[in-house]
Amino acid sequence: GAVVSQHPSRVICKSGTSVKIECRSLDFQATTMFWYRQFPKQSLMLMATSNEGSKATYEQGVEKDKFLINHASLTLSTLTVTSAHPEDSSFYICSADRAGVNEQFFGPGTRLTVL
Amino acid sequence: KQEVTQIPAALSVPEGENLVLNCSFTDSAIYNLQWFRQDPGKGLTSLLLIQSSQREQTSGRLNASLDKSSGRSTLYIAASQPGDSATYLCAVIELNEKLTFGTGTRLTIIP
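This structure is a prediction, so every number in the text was calculated from the model and none was measured. Within any chain, residue numbers begin from 1 and follow the written order of that chain's sequence. Note on labels: chains are lettered from A, ligands numbered from 1, in written order. It should be noted that, the model being predicted, local features are given only for residues of pLDDT at least 70 and side-chain atom pairs only at 80 or more, the latter also being counted only at that level, while totals for whole chains, interfaces and linings use all residues. In computing side-chain values, all of the structure's heavy atoms are included and hydrogens and water are not.

Enquirer: Any chance you could explain the interface of chain A and chain B here in plain terms?
Expert: Quite often, the size of an interface is put as the accessible area lost when its parts meet. In this analysis, two residues are considered to be in contact whenever any of their non-hydrogen atoms come within 4.5 Å of each other. Taken together, the contacts link 18 residues of chain A with 18 residues of chain B. Across the chain A to chain B interface the summed buried area is about 1400 Å²; carbon plus sulfur atoms make up 51%. Per-residue buried area on chain A facing chain B is highest for S43(A), N102(A) and F106(A); these three make up 30% of the total on that side. Should a side-chain nitrogen of Lys or Arg be within 4 Å of a carboxyl oxygen of Asp or Glu, the pair is scored as a salt bridge. Inspection of the chain A/chain B interface yields one salt bridge. For K98(B), the salt bridge is made with E59(A), and the minimal N-O distance between the two is 2.8 Å. Comment: elements are numbered from the N terminus, with helices defined as DSSP H or I runs of at least four residues and strands as E runs of at least two. At the level of secondary structure, the elements contributing two or more residues to the side of chain A that touches chain B comprise β4 (30–38), β5 (44–51), β9 (90–98) and β10 (104–106) of chain A. In this classification, the charged set is Asp, Glu, Lys and Arg, the nonpolar set is Ala, Val, Leu, Ile, Met, Phe, Trp, Tyr, Cys and Pro, and all remaining amino acids, among them Gly, are polar. Here the residues of the side of chain A that touches chain B sort into eight nonpolar, six polar and four charged. A 1.4 Å probe defines the accessible area here, and the buried area is the portion of it lost by two parts on being joined, summed over both.

Enquirer: Would you take a moment to explain the state of the cysteines for this structure?
Expert: Note on terminology: a disulfide is the covalent bond linking the sulfur atoms of two cysteines. Residue and element names in this part refer to chain A. When two cysteine sulfur atoms are found within 2.5 Å, that pair is recorded as a disulfide. Using the criterion set out here, one finds two disulfides over all chains in the structure. The side chain of C23 participates in a disulfide bridge whose partner is C94; the two sulfur atoms lie 2.0 Å from each other. In this structure the cystine formed by C23 and C94 twists about its S-S bond by roughly 80°; its chirality is therefore right-handed. Highlighted residues: C23 in strand β3 (residues 19–25) and C94 in strand β9, separated in sequence by 71 residues. Residue C23 is classed as buried on the basis of its relative accessible area of 0%. A 1.4 Å probe rolled over the protein chains alone gives each residue an accessible area, and that area as a share of the maximum for its type sets the label: buried under 20%, exposed over 50%, partly exposed in between.

Now the structure itself:
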């Protein structure tokens, strides 16, 4: 149990386009999901906290108008990178907080490359 | 602001040796601490979760300890194997559920 999936696993896009990444909790409900970004040879940095049915909370330095987060249901959160640029190329990982367990379960990550 | 540091940044040891990875954090008001491994280009695999009321957790050849008062955690790997080669990340979990990840230790086990 406690499986989190991400789609797509890898995406390449042109500069200026928008990319949507999905994060799903497959066998549990998650009122809270988290989005992280990892640049090469660096650790994971929290971008935002996504709560079902409400606006996401963004970490300092993360542009909310560029990284749109929607948590429409208890099993799905989406991250849309709008007007992507090469500097947005990174590994994006989501996690889902399983109620009552107090542990975050991580997705396999999405590798975004912006040309 | 919580800062999490892992030393060493990289470590190479011969197969079969025991080893210790270190994690230190600046704010001791944490909820839990978790250790992960990450293989190149892959996501995270949770290894051990230590709750704030605990001092250590064990799983197979892995043992993790937590000393909140000193802001330290260690991950002990016994009888290392080539398959243990990966980057190991510690993460402190604060009361608001946010995780702050350490800088990571890249471990290479030499056959």
